[in-house]
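Examining the three-dimensional arrangement
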Amino acid sequence: MAIEALPKIWDKLPTSIRSGVSGSYLHRFLQRQVAYREPLVELQITPTDKFTFKIVVPERLSPYWLDYDPTVEHSCHEPITTRTFINEISTEDVVWDLGSQWGYFGVLAANLNGSPSDVHIFDMEPYHCLQIERTSDVLFDGDGINIIETQISDTPGQNQMTGDQYRSKTESPDFVKVDIEDAEVAAVSGMRKTIENDAPTLIIEVHPNKIAQFFDEDVEEFLSYLQDEYDVLKICDDFRKIDSEWYDFKFDTVPKPDNKGMDGLVDQDSYQILCQ
């Protein structure tokens, strides 16, 4: 059996088995071997008539990668987020991408600011970090994106750090994207000094159901903090649709943790907040 076939086998394993093996020495060893050997493919993404860029992903994810469909005009991953990156990121802007997975938004940012070394990607999965490293080498000829294998949280610890802690070692971010699957409240809590002193543009994916289920954290208190710190808050709950748009944030239109949409919002378990 070729080692390149392991990801497909892994994806088919029962969750109970994956949970038991995940994080073990054997799991990390196999991840590293797969990351260096798995075939990659370049995808040409054209989110607007005037902008196009390349992303490199494992071949097994092509051509239909996440919500990207090459048969649809202007198709791209999370279209509203992609368009906001294009509209808001300027040359030499410093960009943080918290929870990058395959590096899509980090690569997009590096194309927009013209400086991969000013893009900082944070991901706690070694496999993702190794694949992003390969992607960076392919696309930017060694002028690499900063890849930090850690979780951004509210307290420093083993395999995790705070955004404020990282900020103390580097220049201020102009744009920060946070998509870390229910740990967004802790991440923002750990970078409050950065938010209050540097006021970076933020895009945060909020997972109210997961936060309510797994963490003793108040989503409304979290949103109130953002509202106090920023002049403009926008919300989008259908961010995977091609024609998605931001609209003004109001507490009475925010989906509640019970997963019931309000005022016409789509019933789903996450939405995005834009803070400027």
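Everything that follows concerns the structure shown earlier in this document.
Anyway, here's the lowdown on the structure attached to this text. (Residues numbered from 1 in each chain as written. Predicted model: local features only at pLDDT ≥ 70, side-chain atom pairs only at ≥ 80, totals over all residues. Heavy atoms only, no water.)

Some details on the overall build of the protein chain
For the protein chain, the helix and strand inventory stands at 11 helices and 12 strands. Among the 276 residues that make up the protein chain, the fraction classed as buried is 49%. Total accessible area on the protein chain is roughly 13,400 Å²; 46% of this is exposed by carbon and sulfur atoms. (Helix = DSSP H or I, 4+ residues; strand = E, 2+ residues; numbered from the N terminus. Buried < 20%, exposed > 50% of the residue type's maximum accessible area, 1.4 Å probe, protein only. Areas by Shrake-Rupley, 256 points an atom, 1.4 Å probe, with all protein chains shown as cover.)

Side note on helix α4 (residues 79–88)
The element α4 is extensively covered by neighbouring structure, given that seven of its 10 residues are classed as buried. For α4, the set of buried residues is Pro-79, Ile-80, Thr-81, Thr-82, Thr-84, Phe-85 and Ile-86.

Comments concerning helix α11 (residues 219–229)
Taken residue by residue, α11 has Val-219, Phe-222, Leu-223, Tyr-225 and Leu-226 as its buried positions. Angularly, the buried residues of α11 cover 150° about the axis, an arc narrow enough to put them on a single face. Exposed residues on α11 whose side chains face more than 90 degrees from its buried face are Glu-221 and Asp-228. (Arc of directions from axis to C-beta.)

With respect to the pattern of salt bridges
Between side chains of opposite charge, a pair can form when the charged atoms approach closely. Applying the stated criterion across every chain yields a total of five salt bridges. The salt bridge involving Lys-177 is made with Asp-97; its shortest N-O contact spans 2.7 Å. Placement of Lys-177 in strand β8 (residues 175–178) and of Asp-97 in strand β3 (residues 95–98) is noted, with a sequence separation of 80 residues between them. With respect to class, Lys-177 is no different from Asp-97; both count as buried. The partner of Arg-167 in a salt bridge is Asp-198, with the nearest N and O atoms 2.7 Å apart. Of this pair, Arg-167 sits in helix α7 (residues 163–167) while Asp-198 sits in helix α9 (residues 192–198), placing them 31 residues apart in sequence. The class for Arg-167 is partly exposed, based on a relative accessible area of 23%. Classification of Asp-198 by relative accessible area gives partly exposed; the value is 23%. (Salt bridge = Lys/Arg side-chain N within 4 Å of Asp/Glu carboxyl O.)

Focus: unusual backbone geometry
A positive phi angle, near 65°, is found at His-74, a position not held by glycine. Counting through the fold element by element, His-74 comes out in the loop between β2 (51–58) and α4. Residues other than glycine seldom take positive phi values, yet Glu-78 does so here, at roughly 45°. Judged by relative accessible area, which is 2%, Glu-78 ranks as buried.

Details of the nonpolar core
Counting 34 residues, the largest nonpolar core has Ile-45, Phe-53, Ile-55, Phe-85 and Leu-108 as the members making the most contacts within it. When contributions to this core are tallied by element, the ones reaching two or more residues are β1 (40–48), β2, α4, α5 (104–113), β4 (119–122) and α6 (126–140). For this core, the element with the most residues is α5, which contributes seven residues. Setting aside residues up to four positions removed in sequence, Leu-108 forms contacts with Phe-51, Phe-53, Thr-82, Phe-85 and Ile-86. (Core = buried A, V, L, I, M, F, W, Y, C linked by side-chain atoms within 4.5 Å. Contact = heavy atoms within 4.5 Å.)

Here we look at the packing of aromatic side chains
A complete count under the given rule lists nine aromatic pairs for this structure. Between Phe-53 and Tyr-104 the ring centres are 5.6 Å apart and the planes differ by 65°, which places this aromatic pair in the edge-to-face class. Separated by 51 residues along the polypeptide, Phe-53 in strand β2 and Tyr-104 in helix α5 bring together distant segments of the chain. Residue Phe-53 is classed as buried on the basis of its relative accessible area, which comes to 2%. On the accessibility criterion, Tyr-104 (2% relative accessible area) is buried. (Phe/Tyr/Trp six-rings, centres within 6.5 Å; stacked < 30°, edge-to-face > 60°.)

Structural notes on the sheet that holds strand β10 (residues 233–236)
Strand order across the open sheet formed by eight strands is β5-β4-β3-β8-β9-β12-β10-β11, with mixed pairing between neighbours. With one partner strand each, in any of the chains shown, β5 (146–148) and β11 (247–248) form the two edges of the open sheet. In terms of strand pairing, β8 meets strand β9 (residues 201–206) through four bridges, oriented parallel. Paired with Val-178 across the two strands is Ile-204, which belongs to β9. Here α4 sits on the sheet and contacts β3, β8, β9, β10 and β12 (271–275); the angle it forms with β8, its principal contact strand, is near 170°. Here α5 sits on the sheet in contact with β3, β4 and β8, set at roughly 175° to β4. (Pairing = 2+ DSSP bridges. Axes fitted to C-alpha atoms, helices over the stretch in contact; angles between N-to-C directions.)

Some thoughts on the packing of α5 against α6
Interaxial distance between α5 and α6 falls to 11 Å at its minimum, and their mutual angle equals 30°. Of the possible angle classes, the one that applies to α5 and α6 is roughly parallel. Relative to α6, α5 is oriented so that their crossing is right-handed. Across the interface between the two elements, Val-107, Ala-110 and Asn-111 of α5 pack against Thr-135, Leu-139 and Phe-140 of α6. In terms of residue class, the contact of α5 with α6 is built from four nonpolar, two polar and no charged. (Parallel < 35°, antiparallel > 145°, perpendicular 65-115°, else oblique. Left-handed = near helix turned anticlockwise from the far one by under 90°. Nonpolar A, V, L, I, M, F, W, Y, C, P; charged D, E, K, R; others polar.)

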